[in-house]
Amino acid sequence: MVTVDDVRRLALALPRTEEHLIHDRVKFRVGRIVYLAFSRDETVLGFAFPKEERAALVASDPEKFLLPRASDLRHNWVEVRVAALGEGDLAELVTDAWRMCVPASVARAHLD
């Protein structure tokens, strides 16, 4: 099972990432943009994801992915149940969310 420490290890290895504890929630961000955020009980992980694609993602595996609360639907955001997340999926999820928040040149330099 994926843990906060697994996410931390991957996220903090990405350029410009900072970890913050905000209202008892672990969040990872680039500058002021949050791209990963755990629920208080750490059972759900929210992550940056294109709005246009999230309905298809949730429909593809509704036991795993869920839409954010109504107030967050305006953001590029979706959520995943941590218990359903495999370690193989985690690296891709973290990297893709991070890539949405950094300049393309930073992402290219790190990923190439």
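Look above for the structure.
None of the values given here were measured: they were computed from a predicted structure.

Colleague: Help me understand the packing of aromatic side chains in this model?
Modeller: Two numbers describe a pair of aromatic rings. These are the distance of the centres and the angle of the planes. Scanning the model with the defined rule gives two aromatic pairs in all. Relative to Phe49, the ring of Phe47 lies with its centre 5.9 Å away and its plane at 80°, an arrangement referred to as edge-to-face. As far as the burial class goes, Phe47 and Phe49 line up, both buried. Judged by centre distance (6.4 Å) and plane angle (65°), the ring pair of Phe47 and Phe65 falls under edge-to-face. Of the two residues, Phe47 sits in strand S4 (residues 44-48) while Phe65 sits in strand S5 (residues 65-66), which places them 18 residues apart along the sequence. Clustering of aromatic rings is evident, with ring pairs tying together Phe47, Phe49 and Phe65.

Colleague: Where do I start with the packing of helix H1 (residues 4-11) against helix H3 (residues 87-99) in this structure?
Modeller: In a packed pair of helices, the relevant descriptors are the angle between the two axes and the axis-to-axis distance. Look at H1 against H3: their axes get within 10 Å of each other, and the N-to-C directions meet at 45°. Classified by the interaxial angle, the pair formed by H1 and H3 is oblique. Pair H1 / H3 crosses with right-handed handedness. Side by side, H1 and H3 meet where Asp6, Val7, Arg9, Leu10 and Ala11 of the first sit next to Glu87, Leu90, Ala91 and Val94 of the second. By residue class, the composition of the contact of H1 with H3 is six nonpolar, no polar and three charged.

Colleague: Explain the side chain of Asp72 to me, please; I cannot follow it from the model alone.
Modeller: Within the fold, Asp72 resides in the loop between S5 and strand S6 (77-81). With sequence-adjacent residues up to four places away left out, Asp72 is seen in contact with Arg54 and Trp77.

The rules behind these values
Residues numbered from 1 in each chain as written. Predicted model: local features only at pLDDT ≥ 70, side-chain atom pairs only at ≥ 80, totals over all residues. Heavy atoms only, no water. Phe/Tyr/Trp six-rings, centres within 6.5 Å; stacked < 30°, edge-to-face > 60°. Buried < 20%, exposed > 50% of the residue type's maximum accessible area, 1.4 Å probe, protein only. Helix = DSSP H or I, 4+ residues; strand = E, 2+ residues; numbered from the N terminus. Axes fitted to C-alpha atoms, helices over the stretch in contact; angles between N-to-C directions. Parallel < 35°, antiparallel > 145°, perpendicular 65-115°, else oblique. Left-handed = near helix turned anticlockwise from the far one by under 90°. Contact = heavy atoms within 4.5 Å. Nonpolar A, V, L, I, M, F, W, Y, C, P; charged D, E, K, R; others polar.

These values are about where atoms sit, not about what they do.
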